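Commentary on secondary and tertiary structure
Take a look at the letters that make up each chain.
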Amino acid sequence: MSNLPLRRRTAAAAIAATALGLATPLVRAQTTRIRVSTIPIIDIAPLQVAIAKGYFTAEGIEVDTTPTQGGAAGIPALAAGQVQIVFSNVVSIIQAAKQGLGVQIIAPASTTGDAPPDQAALIAKKGAPFKTGKDFEGKRIAVNTRNNIIWLYARAWVRATGGNPDAVTYLEVPFPQMVDAVRGDRVDAAFAVEPFVSGGVAADMQVVGYPYTQVQKRLPAAQYAASKSYIEQNPKVIEGWVRAYQKGVDWVNQNLKSEELLTIISGYTRMPPQLIAKLGVTAYEKAVDPAALVPVVDQMRRNGLLEGPFDPKSILYRTALKA
């Protein structure tokens, strides 16, 4: 038994208890909460895997996802500080940077392959007489939002296949509602992404074309971006977030046909695993190729989305350039 007087032992115990009581808040204070604006599509699979596998938790980061209709819708929330990271298409990111919103890409999200098929397609009713852009003159194509990458490459495909993009009407329809919009004759076709393309094909629709890969090989379609101010104030957090995300990319690439991946994707897309299994999920990139941004900038200029000088490398933070 200790030789310390009872009063001193009691005081020591009180101090120890106080120290233990303070320990928990200190541990909790080390966890950084990050809100990420997303779209419930195949492209965000590595992010969802990194959350499910605890890769962000291991970096001391808690990730909350906020679904939006499209990447363009997430940019204002990023600028307002309502989210810290946004999953967005490259066109909307370039526009935001050009407008002085201080947006930088921190990691790639989805890149197309060298040739069709890919994860985005123009779909129409089976038997509809659409094969080229010329066939869509005077018709309506659904896009998730105007002036973004879907809208831009729908126009580029119409032009590349012999049509006048200005003779086509582009109506805003959220991805989950596109198949119903085509079936209900609200539009003549829809430029959709997976898993909604396969959902449309399963609902007796046909693929008319693959605008992304038919216009540009290895198109850097979407990325994760943050504001310059947040990056400058939290460089270690951003580096930890990207490390965790890249672990998610590695896991997905190593488990492309696994039932576990299908279950995770089904959980956030609400699509049946057996349907997702038919999609052929492709490998994800861990770095952005700066040269691949140049044709995107050229398309934006041609379609009135960008004026004046712009260096695409200026929007790439260092974590986006290294794997």
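Just above, that's the structure.
Residues numbered from 1 in each chain as written. Predicted model: local features only at pLDDT ≥ 70, side-chain atom pairs only at ≥ 80, totals over all residues. Heavy atoms only, no water.

**A word on the packing of helix α2 (residues 45-52) against helix α11 (residues 235-254)**
The N-to-C vectors of α2 and α11 enclose an angle of 105°; their axes lie 8 Å apart at closest approach. Classified by the angle their axes make, α2 and α11 are roughly perpendicular. Each of Ala 45, Pro 46, Leu 47, Val 49 and Ala 50 in α2 lies in contact with α11, whose residues at this interface are Trp 241, Ala 244, Tyr 245, Gly 248, Val 249, Trp 251 and Val 252. The residue inventory of the contact of α2 with α11, partitioned by class, reads 11 nonpolar, 1 polar and no charged. (Axes fitted to C-alpha atoms, helices over the stretch in contact; angles between N-to-C directions. Helix = DSSP H or I, 4+ residues; strand = E, 2+ residues; numbered from the N terminus. Parallel < 35°, antiparallel > 145°, perpendicular 65-115°, else oblique. Contact = heavy atoms within 4.5 Å. Nonpolar A, V, L, I, M, F, W, Y, C, P; charged D, E, K, R; others polar.)

**Considering the environment of Gly 81**
Locating Gly 81 in the fold gives a position in the loop between α4 (71-79) and β3 (85-89). Taking the C-alpha atoms as reference, Gly 81 lies 9.8 Å from Ala 226; in sequence the two are 145 residues apart.

**Notes on the layout of surface pockets**
Here the largest pocket defines a volume of roughly 590 Å³. Lining the largest pocket are 41 residues, and of these Asp 43, Thr 112, Asp 118, Gln 119 and Ala 120 lie nearest its centre. Secondary structure elements with two or more residues in the lining of the largest pocket: β3, β4 (103-110), α6 (149-160) and α8 (196-202). (1 Å grid on protein atoms, 1.4 Å probe; cavity = no way out; pocket = protein on both sides within 12 Å on 5 of 7 lines; lining within 4 Å. Points joined across faces, edges and corners; volume = space filled by probe spheres on them.)

**As for the sheet that holds strand β6 (residues 140-143)**
Hydrogen bonding along the main chain pairs the strands of a sheet, whether they run parallel or antiparallel. The strand order across the open sheet built from 5 strands is β7-β6-β8-β5-β9, with neighbouring strands paired in mixed fashion. The sheet is open, and its two borders are formed by β7 (169-172) and β9 (205-209), each paired with just one other strand. Between one strand and the next, the sheet's axes are offset by a mean angle of 35°, whatever the strand orientation. (Pairing = 2+ DSSP bridges.)

**Some details on helix α12 (residues 259-269)**
Those residues of α12 not exposed but buried are Leu 261, Leu 262, Ile 264, Ile 265, Ser 266, Tyr 268 and Thr 269. Buried residues in α12 make contact with α2, α11 and α13 (273-276). Just beyond α12, the residue with positive phi is Arg 270, at close to 65°. (Buried < 20%, exposed > 50% of the residue type's maximum accessible area, 1.4 Å probe, protein only.)

**Remarks on the side chain of Asp 64**
Among the structural elements, Asp 64 can be located in strand β2 (residues 61-67). Here Asp 64 falls in the buried class, since its relative accessible area comes to 17%. With residues up to four places along the chain from it excluded, the contact list for Asp 64 reads Arg 33, Ile 34, Arg 35 and Val 36.

**Quick notes on the packing of helix α5 (residues 90-98) against helix α14 (residues 293-302)**
Relative to each other, α5 and α14 sit at 75°, their axes nearing to 11 Å. The angle between α5 and α14 falls in the class roughly perpendicular. Contacts from Val 90, Val 91, Ile 94 and Gln 95 in α5 reach Leu 293, Val 296, Val 297 and Met 300 in α14. When grouped by side-chain class, the residues that make up the contact of α5 with α14 number 7 nonpolar, 1 polar and no charged.

**Examining the pairing of β4**
By the criterion of burial, β4 is predominantly enclosed, with 8 of the 8 residues buried. With 6 bridges joining them, β4 and strand β10 (residues 222-227) adopt antiparallel strand pairing. Directly across from Pro 108, in β10, lies its bridge partner Gln 223.

**Let's talk about the environment of Pro 116**
Checked against the element boundaries, Pro 116 lands in the loop between β4 and β5 (120-125). On the basis of relative accessibility, which here comes to 41%, the residue Pro 116 falls in the partly exposed class. Along the backbone, Pro 116 and Lys 217 are 101 residues apart, and their C-alpha atoms lie at a distance of 9.3 Å.

**Here we look at the sheet that holds β10**
One open sheet accounts for 5 strands, arranged β2-β1-β3-β10-β4; its pairing is mixed. Of all the strands in the sheet, just β2 and β4 have a single pairing partner and so form its edges. Between one strand axis and the next, the sheet turns by 25° as a mean value, whatever way the strands run. Helix-sheet contacts for α5 involve β3, β4 and β10, and the interaxial angle to β3 is about 115°.

**Some details on unusual backbone geometry**
Following Pro 116, the chain continues into Pro 117 via a peptide bond in cis, with omega recorded as 0°. Within the secondary structure, Pro 117 sits in the loop between β4 and β5. For Asn 147, which is not glycine, the phi torsion reads 65° and is therefore positive. Examined against the element boundaries, Asn 147 turns out to sit in the loop between β6 and α6. For Asn 147, a relative accessible area of 33% corresponds to the partly exposed category. Positive phi outside glycine occurs at Arg 270, with the angle close to 65°. One can find Arg 270 in the loop between α12 and α13. We classify Arg 270 as exposed; its relative accessible area is 67%.

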